Amino acid sequence: MSEHHEYSPSKFPAWAECPGYASDGKSNEASTAGTIAHDELSKALIGVIDEPNSYPARWAKREIESLSDGAPLYSELKVVGTIDGLKGISGTTDIHWTDADGVKHYGDFKTFSDGTKDYSLQLKGYAALDATPTDDQSQKIVLHVFHGGICKTETIETTLKECVDDVIAILNRKSTSLDRNLCSYCQYCSKAKECPKVNNAIEVVGNNSVSFQNMSICQKLVVLDAVEKLAKTIREEAKAMAEASEDKAIEMD
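A brief report on the enclosed structure follows. (Residues numbered from 1 in each chain as written. Predicted model: local features only at pLDDT ≥ 70, side-chain atom pairs only at ≥ 80, totals over all residues. Heavy atoms only, no water.)

1. Focus on the overall build of the chain
Thought 1: Within the chain, the regular secondary structure consists of 8 helices and 5 strands.
Thought 2: In the chain, the order of α-helices and β-strands from amino to carboxyl end is α-α-α-β-β-β-α-β-β-α-α-α-α.
Thought 3: When contacts within the chain are restricted to residue pairs at least 6 apart in sequence, long-range pairs at least 24 apart make up 61% of them.
Thought 4: With 27 positive and 40 negative side-chain charges, the chain shows a spacing of 3 Å between the two charge centroids. (Helix = DSSP H or I, 4+ residues; strand = E, 2+ residues; numbered from the N terminus. Contact = heavy atoms within 4.5 Å. Lys, Arg positive; Asp, Glu negative; His and termini not counted. Charge placed at Lys NZ, Arg CZ, Asp CG, Glu CD.)

2. Describing helix 3 (residues 55–68)
Thought 1: Given a rise of 1.5 Å per residue, 14 residues ought to cover 20 Å, and the 20 Å separating the end C-alpha atoms of helix 3 matches this to within 8%.
Thought 2: Every buried residue belonging to helix 3 is among Pro56, Ala57, Trp59, Ala60, Lys61, Ile64 and Ser68, and all of these are buried.
Thought 3: Looking at the buried residues of helix 3, the elements they touch are helix 2 (29–45), strand 2 (90–98), strand 3 (104–110), strand 4 (140–147) and strand 5 (152–159).
Thought 4: Within two residues after helix 3, Asp69 carries a phi angle of roughly 50°, on the positive side. (Expected span 1.5 Å × (residues − 1). Buried < 20%, exposed > 50% of the residue type's maximum accessible area, 1.4 Å probe, protein only.)

3. A few points about the side chain of His105
Thought 1: Inspection of the secondary structure assignment puts His105 in strand 3.
Thought 2: Among the residues examined, His105 registers a relative accessible area of 8% and is labelled buried.

4. Considerations on the nonpolar core
Thought 1: Membership of the largest hydrophobic core comes to 40 residues, with the highest contact counts inside it found for Phe12, Leu86, Tyr106, Ile141, Leu171 and Val198.
Thought 2: If you list the elements that add at least two residues to this core, you get helix 1 (12–17), helix 4 (120–130), strand 4, helix 5 (160–176), helix 6 (196–207) and helix 8 (217–244).
Thought 3: Sequence-distant contacts of Val198, that is, excluding residues within four places in its chain, are made with Leu182, Cys186, Ala192, Ala226 and Leu230.
Thought 4: Listed in part, the 13 residues of the second largest apolar core include Leu45, Ile64, Trp97 and Phe109. (Core = buried A, V, L, I, M, F, W, Y, C linked by side-chain atoms within 4.5 Å.)

5. Quick look at the side chain of Ser90
Thought 1: Note on placement: Ser90 falls in strand 2.
Thought 2: Not counting residues within four places of it along the chain, the set of residues in contact with Ser90 comprises His5, Ser8, Pro9, Lys78, Val79, Val80 and Leu129.

6. As for the packing of helix 4 against helix 5
Thought 1: Interaxial distance between helix 4 and helix 5 falls to 8 Å at its minimum, and their mutual angle equals 110°. One way to sum up the angle between helix 4 and helix 5 is to call them roughly perpendicular. Handedness of the helix 4/helix 5 crossing: left-handed. Judged by residue contacts, Leu121, Lys124, Gly125, Ala127 and Ala128 of helix 4 engage Leu160, Glu162, Cys163, Val164, Asp166, Val167 and Ile170 from helix 5.
Thought 2: Classifying every residue of the contact of helix 4 with helix 5 gives 8 nonpolar, 1 polar and 3 charged. (Axes fitted to C-alpha atoms, helices over the stretch in contact; angles between N-to-C directions. Parallel < 35°, antiparallel > 145°, perpendicular 65-115°, else oblique. Left-handed = near helix turned anticlockwise from the far one by under 90°. Nonpolar A, V, L, I, M, F, W, Y, C, P; charged D, E, K, R; others polar.)

7. Comments concerning the sheet that holds strand 2
Thought 1: Across the sheet, 5 strands lie side by side as 1-2-3-4-5; this open sheet has mixed pairing. Since the sheet does not close on itself, it has two edges, and those belong to strand 1 (74–80) and strand 5, each with one partner. Here the average twist between neighbouring strands, direction ignored, is 35°.
Thought 2: In terms of strand pairing, strand 3 meets strand 4 through 7 bridges, oriented parallel. The residue of strand 4 that forms the bridge with His105 is Val142.
Thought 3: Against the sheet, helix 3 touches strand 2, strand 3, strand 4 and strand 5, its axis set at about 155° to strand 4.
Thought 4: Against the sheet, helix 5 touches strand 4 and strand 5, its axis set at about 95° to strand 5. (Pairing = 2+ DSSP bridges.)

8. A word on the environment of Ala127
Thought 1: With respect to the helices and strands, Ala127 occurs in helix 4.
Thought 2: Overall, the relative accessible area of 1% leaves Ala127 in the buried class.
Thought 3: What Ala127 contacts, discounting residues up to four positions off in sequence, is Tyr106, Ile141, Leu160 and Cys163.

9. Let's talk about unusual backbone geometry
Thought 1: Although it is not a glycine, Asp69 adopts a positive phi angle of roughly 50°.
Thought 2: If you trace the backbone, Asp69 turns up in the loop between helix 3 and strand 1.
Thought 3: Here Glu76, not a glycine, exhibits a phi torsion of approximately 55°, which is positive.
Thought 4: Among the secondary structure elements, Glu76 is positioned in strand 1.
Thought 5: Glu76 gets classed as partly exposed once you look at its relative accessible area, which sits at 30%.

10. Side note on the packing of helix 2 against helix 3
Thought 1: Running from N to C, helix 2 and helix 3 point in directions that differ by 35°, and their axes come no closer than 9 Å. Between helix 2 and helix 3 lies a crossing whose hand is right-handed. On helix 3, the residues that touch Ala37, Leu41, Ala44 and Leu45 of helix 2 are Ala57, Ala60, Lys61 and Ile64.
Thought 2: Of the residues in the contact of helix 2 with helix 3, the class split is 7 nonpolar, no polar and 1 charged.

So yeah, pure geometry; function would need other evidence.
As structure tokens, then:
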């Protein structure tokens, strides 16, 4: 799998929730399994293997083959922006095809997704980067998110203009906004440790303040996700310090 560009579309959904998000680049058991499933799906779609081992990937293969209806499939297609505001930005699609009516389809496989996150901006990114300055901006674009966790396909119809406008808007927000938000991506963010919103969440929980007690259960979960992320980051930092020390331990007053 290719290296992600600094402004890869895969980051757009996170930036929509918090423009300060920066991936920590760490892998875990789930991300590793997801990478393997993606690789198997890609190979199965282009005929290198018959069937993926992963059940979500096997389901996604059947869905893609049904939706594409015999159209040539392109997997791991690198797209590079040529439109003003997107020039040089690149991304890699999970699946891409053009149907019999000339309509372009872009699909992304989310191995363990339960369908609750909005990934449409990522797919709009692929469509925008794949476009050229001479393309008809009013042309129809179809996006597909394959939610492997619930074996459900989410299909979104849009236009090339909407894709380009939304992508440029999120990139502008990323470069100009100083806002920081607690969100589901805090647990993957390299800036969580110094983020004022995350640290405020620690204070809110630590003080057991009235504001925390008055939050809805969903709001409390978002705050606790941030606390868990910071705790995990600090534990990993302590473990690394211990392993680097002569006696494999940390002792402080």
